[in-house]
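So the chains spell out like this:
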Amino acid sequence: MKKLTLITAIIIMTSFLFGQSFQIDIPGKEISPGNYKLSSKSDFLKQPYLIFEGINTQMRVIWQLNDTTAVCEISWGADSTYNLGNTSTTEYGVDHQHGHTINGLTPGTKYYYKVVYDDAVFEASFKTAPSDNASDLKFFVYGDTRSDFENHNLNSQAMVDDYTADPDFQTLSLFTGDHVFFGADEDDWTDNFFTNSAPFVRKRMAEVPFVSCLGNHELYDSDYNLDYNTELFGKYFPFPYVERRYWSFDYGPMHVTVLDQYPDYYQLLPLEGFLDLEQLEWIEQDLNNTDKPWKVIVMHEPGWSCEGSSSGYSHPNNPDVQNLLQPLCEQFGVQIVFAAHNHYYARACKNGIYHITTAGGGAPLYDIEEEFPNVINTLKVHHYCKIEIEGDTMLVTSVKPDGEVIDLFYLDQNNRPEHLLGFLDKEDGPGDICDVNITADGQITSPDSVGYYGLELVPGYHEASLMLDAYCTIESTVQIFDDTETALDTMLMICTNIQKFDDLGVLKISPNPVTSQAVLSLNLSTSIPIEICIYNTSGICLKSWQFKNQQLGEKTYKLDFKDLPEGVYFCRLQIGNEMVTKKIIKVK
Ligand SMILES: [Fe+2]
């Protein structure tokens, strides 16, 4: 609650409330998934994998041999005859790496490729990036695998299942940094991130091109010293960097800006990434120059998350992201920023820009002990994100490897979120905090188990309704302030002494959901006037009935919904000076 001390105010409720298969074919060897045995001279030290270099007519394939200088062959085609082209490759660099960029491809098209080294044959497929005028797109985002290839493998297996069931997901994997624990140590890359003991990682990286950003762990050697000049990240991910390790690219309807928060004056303590002025100037130009409808940023350290700590080093929300990057996001219409670093899932929103911490790729998970501004949803769990763009909308679904959805939300180009957060604290009374229904400006939401909730409200005054289902409701005006430190701080609702719905004599409203007519049943303990009103979610009374001097005993009242469209309504019942509200859903 420490972040809420700045709360500016608000409502206090104190009493009455209302594909193509991937295979490795090595003669005489076990080839079943999960049991790779690649130790002979004909093995790949790092099996072929794909990186996206920003051009939708080409694909880069990279692999590395075991301490052997040899010629390999790569061929590709529209099917497994691989008859569109082929070439021989020789190693480059000093570590037996091979690579080839396949050119002249058609955007948004599936291709098949084969890499042959001695008696090893490696076959896989990929899909080129969409055409420039594409409006729809699906892709993956995840990060912070560090050195846990087993959980990385589980996440990858789920992604493989996803694009096997829905081939439109065989597109792109964005990665938010910290691939390994000691990124300046060659063995960590070989033994963990690229290990052949993680077959689904190998399969996915062979079939879905990868784009990743630099994490702080990419700079550490095995003694935990910073090595700013380590070449290992760039060795395995040689994207066309503008400078250091930042660059950008278009992918169908999306522009992706990949940031490097670790200039050479980055330091271990305090453990914070930096955005240097040179990079900020480039970001401004980059975002100003794109006309893509969707603008996405990929980086490592988040601006708004639930913070955390690792090995005794704190992980504060990154001040450069808050103070320097956020204004550029707001100015140039970036919709969503993906980061990692804090090992959990968190969705935050600051002035309409979503900040997603997706750091559940495999790294040890952090406890989420505190509540932080702008965070709508958070969970300590290994996970990855699935993104689906359809024209003006983006659907973000965050899932565990077993398929359980942990978060889901839409972004709409035509209805951009503004200030949106509140925190609801119920100190007393029956019911759970997450049972409260909150309505304002036609939007309905519920707090999470902690009390955070999101409403996409612009600054100003709004009529809001908070209802603890089956108990009571409060209706009041809330003010959303402009230029506050966080939108979260602008709404606080403290529910105390919630009065039970039944205490007011309301037995039930049924059926609910209703199709044409519902019946409200009361058991009055005193003779009293009654008023019943049906409100829509904008707070407009659509129908009302008044009954004078109702007698004691059980009463029933018919509520006609025939002429109302499907949706959510509120039935407010006033009994004398007391008032209760109950949500009613109208269906066909
Ligand atoms: Fe990190």
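Only a predicted model underlies this, so the values are computations on that prediction, with no experimental measurement involved.

Caption draft 1: Representation of helix H3 (residues 199-207) in the model. The element H3 is extensively covered by neighbouring structure, given that nine of its nine residues are classed as buried. Here H3 has its buried residues at Pro-199, Phe-200, Val-201, Arg-202, Lys-203, Arg-204, Met-205, Ala-206 and Glu-207. Against the buried residues of H3 lie strand E3 (44-51), strand E9 (120-127), helix H1 (149-165) and strand E12 (210-212).

Caption draft 2: Molecular detail of the confidence of the model for the chain. In the predicted model, the chain carries a mean pLDDT of 81, and the fraction of residues at 70 or more is 77%. Across residues 1-41, where pLDDT falls below 50, the model places 87 contacts with residues more than four positions away in sequence or in other chains. With pLDDT under 50 throughout, residues 483-502 is counted as low confidence; its partners more than four residues away or in other chains account for 79 contacts.

Caption draft 3: Seen up close, the sheet that holds strand E21 (residues 375-379). Taking strand neighbours across the sheet as the criterion, the seven strands line up as E13-E14-E15-E18-E20-E19-E21 in an open arrangement whose pairing is mixed. Strands at the two margins of the open sheet, each flanked by one partner only, are strand E13 (247-251) and E21. Here the average twist between neighbouring strands, direction ignored, is 15°. The pairing of E13 with strand E14 (residues 254-258) spans five bridges and is classified as antiparallel.

Caption draft 4: Quick peek at the environment of Glu-566. Its location among the elements puts Glu-566 in the loop between strand E36 (553-560) and strand E37 (567-575). Judged by local crowding, Glu-566 falls into the exposed class, with 11 C-beta atoms found within 10 Å. Between the C-alpha atoms of Glu-566 and Ile-585, which are 19 residues apart in sequence, the distance is 7.5 Å. Contact partners of Glu-566, with chain neighbours within four places excluded, come to Lys-586, Val-587 and Lys-588.

Caption draft 5: Inspection of the packing of helix H5 (residues 277-289) against helix H6 (residues 319-332) at higher detail. At a closest axis distance of 10 Å, the pairing of H5 and H6 adopts a crossing angle of 15°. For the element pair H5 / H6, the angle class is roughly parallel. Remark: the crossing between H5 and H6 carries right-handed chirality. For the pair formed by H5 and H6, the contact residues are Leu-280, Ile-283, Glu-284, Leu-287 and Asn-288 on the first element and Leu-324, Leu-328 and Phe-332 on the second.

Rules of the game
- Residues numbered from 1 in each chain as written.
- Predicted model: local features only at pLDDT ≥ 70, side-chain atom pairs only at ≥ 80, totals over all residues.
- Buried ≥ 20, exposed ≤ 12 C-beta atoms within 10 Å, placed from the backbone.
- Helix = DSSP H or I, 4+ residues; strand = E, 2+ residues; numbered from the N terminus.
- Contact = placed C-beta atoms within 7 Å.
- pLDDT = per-residue confidence, 0-100.
- Pairing = 2+ DSSP bridges.
- Axes fitted to C-alpha atoms, helices over the stretch in contact; angles between N-to-C directions.
- Parallel < 35°, antiparallel > 145°, perpendicular 65-115°, else oblique.
- Left-handed = near helix turned anticlockwise from the far one by under 90°.

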